[in-house]
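Below are the chains, spelled out letter by letter.
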Amino acid sequence: MRLPALLLSLPLLAVPRDAAAEPLRVICFGAHPDDCDIKAGGAAVKWAAAGHAVKFVSLTNGNAGHQEQGGGLLAARRRGEAAESGRRGGVAYEVLQNEDGELLPTLEARRDVIRRIRDWRADLVLAPRANDYHPDHRYTAVLVQDAAYMVTVPNLVADAPVLRGNPVFAYLADPFQKPSPFRADVVVAVDDVLARKLDMLDAHASQFYEWLPWHAGQLDQVPREAAGRRAWLATQWPAYAGAFGLAAGRPDWRAALEKRYGARAAAVREAEAFEIAEYGRQPDEGELRRLFPFFP
């Protein structure tokens, strides 16, 4: 008996909420208060600009991500940076209080994820894959995967209204190859909103102008003035994009771009990609175009 196939065939999981009369509701989970911005900031700007509702959730408070600061002061700083990033991108942003570097796939953390997916009434849930160098990233993936079916079970997390239709779950892009490489099922061109995305990343000053440059041995290259730093970030973005697995020029990404953009794909330089998970509702091409309403 192939239980996953049976579960996915049930009407509860196969019938999406009627979106014709309502905006899309998208929720993205990251481990830290800049992860969603990096992997899905451009698409989020596009969704929000079109009137759809987008929420970013960081499962940790980011209180370890700095070479000098830490603890409650850094957590408060990063919470403020996330709020500013959300303001710039037009998305809601929530930072949970799990300790940075110590996230575990506990029952309570799973309940937190289930509760937020339900409360947001999500049509689409984004999260990292489970093969990753950082334990917080891996366990964020595990927590969202473990919530994927449970959001439809009324007797669990009974204080949050159960979802009558299972969302579509999709993975954020990454560069990792083992045990299997990321598969670009949907690729969204973000050249036209790259400046907005970089504005969101610019809000995370503790990361892009302090922690990441220090970690890379480049802290002495960061300008002191705000305008100079933002311009410097733009010059650094291609290297960051490659390191984070955002590579529009890859053959598999190019094929996905051409599938939906046609001849326009040749001009795309900046993109974000998503892999449809085996968990949750399995969308057809029509629903993919509804969930990602960016294609000609």
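Everything below is about the structure printed above this text.
What counts as what
Residue numbers run consecutively from 1 along every chain, following the written order of its sequence. Two thresholds apply to this predicted model, a pLDDT of at least 70 for residue-level local features and 80 or more for giving and counting side-chain atom pairs, whereas whole-chain, interface and lining totals are computed over all residues. For side-chain calculations, the full set of non-hydrogen atoms in the structure is used, while hydrogens and water are omitted. Cavity means a closed set of points on a 1 Å grid over the protein atoms alone, one where a 1.4 Å probe fits but cannot get out, pocket means an open set with protein on both sides within 12 Å along at least 5 of 7 lines, and lining means a residue has an atom within 4 Å of a point. Grid points are joined across faces, edges and corners, and a volume is the space filled by probe spheres set on the points. By definition, any uninterrupted DSSP run of H or I lasting at least four residues is a helix, any uninterrupted run of E lasting at least two residues is a strand, and each is numbered from the N terminus. Put simply, Ala, Val, Leu, Ile, Met, Phe, Trp, Tyr, Cys and Pro go in the nonpolar bin, Asp, Glu, Lys and Arg in the charged bin, and everything else, Gly too, in the polar bin. Classification of residues uses two cut-offs on accessible area relative to the type maximum, computed with a 1.4 Å probe and protein chains only: under 20% is buried, over 50% is exposed, and between them is partly exposed. Two strands qualify as a pair provided that DSSP identifies no fewer than 2 bridges between them. A clockwise course of the path from the first strand over the helix to the second, judged with the strands pointing away from the viewer, identifies a crossover as right-handed. Only the stretch in contact is used when fitting a helix axis, every axis being a line fitted to C-alpha atoms; angles between N-to-C directions are given from 0 to 180 degrees. Small angles under 35 degrees read as roughly parallel and large ones over 145 as roughly antiparallel, with 65 to 115 read as roughly perpendicular and the rest as oblique. Note: crossing handedness is left-handed where the near helix turns anticlockwise from the far helix by less than a right angle, and right-handed where it turns clockwise. Here a residue-residue contact requires only that any non-hydrogen atoms of the pair lie within 4.5 Å. By definition, a salt bridge exists where a carboxyl oxygen of Asp or Glu is found within 4 Å of a side-chain nitrogen of Lys or Arg. Stacked, edge-to-face and tilted labels apply to pairs of Phe, Tyr and Trp rings (six-membered ring for Trp) whose centres lie within 6.5 Å, assigned for plane angles under 30 degrees, over 60, and everything in between, in that order. Each helix should span, by expectation, one fewer than its residue count multiplied by 1.5 Å. We define the bend at any residue as the angle between the axes fitted to the seven residues before and including it, ending there, and the seven starting there.

*Asks:* Tell me about the layout of surface pockets, and please be specific about residues and values.
*Replies:* As a volume, the largest pocket reaches approximately 840 Å³. Those elements giving two or more residues to the lining of the largest pocket turn out to be α3 (35-49), α8 (205-215) and α9 (226-243). Each pocket or cavity is described by its volume, and for the second largest pocket that value is around 230 Å³. Lining the second largest pocket are 13 residues, and of these R129, Y171, S180, E275 and E278 sit closest to its centre. Looking at the lining of the second largest pocket, the element that brings in the most residues is strand β7 (residues 271-280), giving 5 residues. By residue class, the composition of the lining of the second largest pocket is 6 nonpolar, 3 polar and 4 charged.

*Asks:* Outline the pairing of strand β4 (residues 124-127), supporting the account with residue identities and numerical values.
*Replies:* Side chains of β4 alternate between two faces, with L124 and L126 and V125 and A127 buried alike. By the bridge criterion, 3 bridges tie strand β1 (residues 25-30) to β4 in an arrangement that is parallel. The residue of β4 that forms the bridge with C28 is L126. As paired elements, β4 and strand β5 (residues 168-172) share 4 bridges and run parallel to each other. When the bridges of β5 are listed, L124 appears paired with V168. Traced from β4 through helix α6 (residues 135-150) to β5, the parallel crossover comes out right-handed.

*Asks:* Could you give me a rundown of the packing of helix α4 (residues 71-89) against helix α7 (residues 194-203), with the residues and numbers involved?
*Replies:* Packed helix pairs are characterised by how far apart their axes lie and by the angle those axes make with each other. Viewed as axis vectors pointing N to C, α4 and α7 meet at an angle of 165 degrees, and their least axial separation amounts to 8 Å. Relative to α7, α4 is oriented roughly antiparallel. Between α4 and α7 lies a crossing of right-handed hand. Each of E81, E84, S85, R88 and G89 in α4 lies in contact with α7, whose residues at this interface are R196, D199, M200, D202 and A203. Residues of the contact of α4 with α7, tallied by class, amount to 2 nonpolar, 2 polar and 6 charged.

*Asks:* Go over the pattern of salt bridges with me, naming the residues and quoting the values.
*Replies:* On inspection of all chains with the given rule, the structure shows 27 salt bridges. A salt bridge links R230 to D199; the nearest nitrogen and oxygen atoms lie 2.9 Å apart. Pair noted here: R230 is in helix α9 and D199 is in helix α7, with a separation of 31 residues, a long-range link. The exposure class of D199 is partly exposed, given its relative accessible area of 29%. Several salt bridges converge on common partners, so that one network encompasses K55, E94, D112, R115, R116 and D159.

*Asks:* Go over the packing of aromatic side chains, please, and point to the residues and values.
*Replies:* Using the criterion set out here, one finds 11 aromatic pairs in the structure. Centroid distance Y133 to F176: 6.2 Å. Interplanar angle 40 degrees. Geometry classified as tilted. Highlighted residues: Y133 in the loop between β4 and α6 and F176 in the loop between β5 and β6 (186-189), separated in sequence by 43 residues. Look at Y133 and you get exposed, because its relative accessible area is 60%. Residue classification places F176 among the partly exposed positions, given a relative accessible area of 24%. Between Y240 and F244, the ring centres sit 5.9 Å apart and the planes meet at 10 degrees, which makes this aromatic pair stacked.

*Asks:* Which residues make up the packing of α8 against α9, and what values go with them?
*Replies:* As a packed pair, α8 and α9 sit with axes 11 Å apart at the nearest point and diverge in direction by 45 degrees. It follows that α8 is oblique to α9 by the angle criterion. Here α8 and α9 pass one another in a crossing that is left-handed. Packed against α8, whose contacting residues are F208, Y209, L212 and P213, the element α9 presents R229, R230, W232, L233 and Y240 at the interface. Along the lines of polarity and charge, the residues of the contact of α8 with α9 split into 7 nonpolar, no polar and 2 charged.

*Asks:* Before we move on, can you summarise α9 with the specific residues and values?
*Replies:* Relative to the 26 Å expected for 18 residues at 1.5 Å per residue, α9 spans 24 Å between its end C-alpha atoms, a close match to the ideal helical length. Bending of α9 peaks at approximately 45 degrees at the position of Q236, with proline P238 no more than four residues after it. The complete set of buried residues in α9 reads R230, W232, L233, Q236, W237, Y240 and A241. Where α9 terminates, the next one or two residues include G245, which has phi positive at roughly 85 degrees.

These figures come from the coordinates and say nothing about function on their own.
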